[in-house]
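# Structural characterization, general
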Amino acid sequence: DFAMKIIKKRKNRAHDEKEILNEIEILKKLVHPKILKIVEFYSTLKKYYIITEYCYEGELFNEIIKVGKFDEGQAAFIIDQILKAINYCHKMNIIHRDIKPENIMITNREKNGCLQVKLIDFGTAKIFEKGHQENKYVGSSYYMAPEIIKRNQVLHVRAERDVLSEAKNEYS
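Structural notes, computed from the coordinates. All values derive from a computational prediction rather than experimental measurement.

## Some points on the overall build of the protein
In terms of helices and strands, the protein carries five helices and ten strands. Looking at the protein as a whole, 42% of its 172 residues are labelled buried. Summarising the internal contacts of the protein: among those between residues at least 6 apart in sequence, 67% fall at separations of at least 24.

## Quick notes on the pattern of salt bridges
Summed over all chains, the structure comprises eight salt bridges. Asp16 is paired through a salt bridge with Arg10; the nearest N and O atoms lie 2.8 Å apart. Given a relative accessible area of 15%, Asp16 falls into the buried group. The partner of Glu57 in a salt bridge is Arg109, and the shortest N-O contact between them spans 3.1 Å. In this pair, Glu57 is assigned in the loop between β3 (47–53) and β4 (58–59) and Arg109 in strand β6 (residues 104–109), connecting sequence segments 52 residues apart.

## Considering the environment of Lys29
Topologically, Lys29 is positioned in helix α1 (residues 14–29). In this structure Lys29 comes out as partly exposed when scored by relative accessible area, which is 37%. When the C-alpha atoms of Lys29 and Ile94 are compared, they prove to be 9.6 Å apart, with 65 residues separating the residues in sequence. Not counting the four nearest positions on each side in its chain, Lys29 is found in contact with Tyr88, Met92 and Ile127.

## A short note on the environment of Glu63
Examined against the element boundaries, Glu63 turns out to sit in helix α2 (residues 60–67). For Glu63, a relative accessible area of 7% translates into the label buried. Linking Glu63 and Leu115, residues 52 residues apart in sequence, is a C-alpha distance of 9.9 Å. Among residues more than four places away in sequence, those in contact with Glu63 are Gly68, Phe70, Ile106, Arg109 and Leu115.

## Here we look at the sheet that holds β3
With antiparallel pairing, the three strands of this open sheet are ordered in space as β1-β3-β2. Edge positions in the open sheet fall to β1 (2–8) and β2 (38–43), since each of these has one partner strand only. Each neighbouring strand pair of the sheet contributes to a mean axis angle of 15 degrees, computed without reference to strand direction. Pairing of β1 with β3 involves seven bridges; the strand directions are antiparallel. Bridged to Ile7 within β3 is Tyr48. The strands touched by α1 are β1, β2 and β3; relative to β2, the strand with the most contacts, the crossing angle is about 155 degrees.

## What to know about the side chain of Lys34
Mapped onto the elements of the fold, Lys34 is located in the loop between α1 and β2. At 2.8 Å, the side chain of Lys34 forms a polar contact with the side chain of Gln81. Polar contacts involving the side chain of Lys34 include one to the side chain of Gln116, which spans 2.5 Å. Apart from the residues lying within four places of it in its own chain, the contact partners of Lys34 are Gln81, Ala85, Gln116, Val117, Lys118 and Leu119.

Conventions adopted
- Residues numbered from 1 in each chain as written.
- Predicted model: local features only at pLDDT ≥ 70, side-chain atom pairs only at ≥ 80, totals over all residues.
- Heavy atoms only, no water.
- Helix = DSSP H or I, 4+ residues; strand = E, 2+ residues; numbered from the N terminus.
- Buried < 20%, exposed > 50% of the residue type's maximum accessible area, 1.4 Å probe, protein only.
- Contact = heavy atoms within 4.5 Å.
- Salt bridge = Lys/Arg side-chain N within 4 Å of Asp/Glu carboxyl O.
- Pairing = 2+ DSSP bridges.
- Axes fitted to C-alpha atoms, helices over the stretch in contact; angles between N-to-C directions.
- Polar contact = N/O pair within 3.5 Å; in protein donor to acceptor, adjacent residues only side chain to side chain.

As structure tokens, then:
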């Protein structure tokens, strides 16, 4: 089964197109069992169509709201999967920059209650080069690493931010 994300094109918004094409380029490079797989991408005069695999169980965020908290084993199982996806991204020189429960989809619920998950939404992701400096904030502020929020100076794009963001998500 597949899912289709439809994005309406906005007039005079070349920046939007650049971001969407960047996300598609990154998703096509990432082939990993814990990262949402892109199947196809289409563009018409008025819309973009992104076809991906379908995640049956919805967002991890909604599951957290429903159950309140996970036991240690369940949390460790989820964290392990996400860290494997993040590690793979970093090996591919890609930093996600917006890891949060809303960007983690549940693909399957095992008989023992453990959740199989995948990382999604690479809209703010970036291919990074060592030593590259960034001067803008990206991602959801609630989930950002504290040094990003408190600093008012040039930011260094560092892969460790993805890992800190994931740790904050799971221990909040």
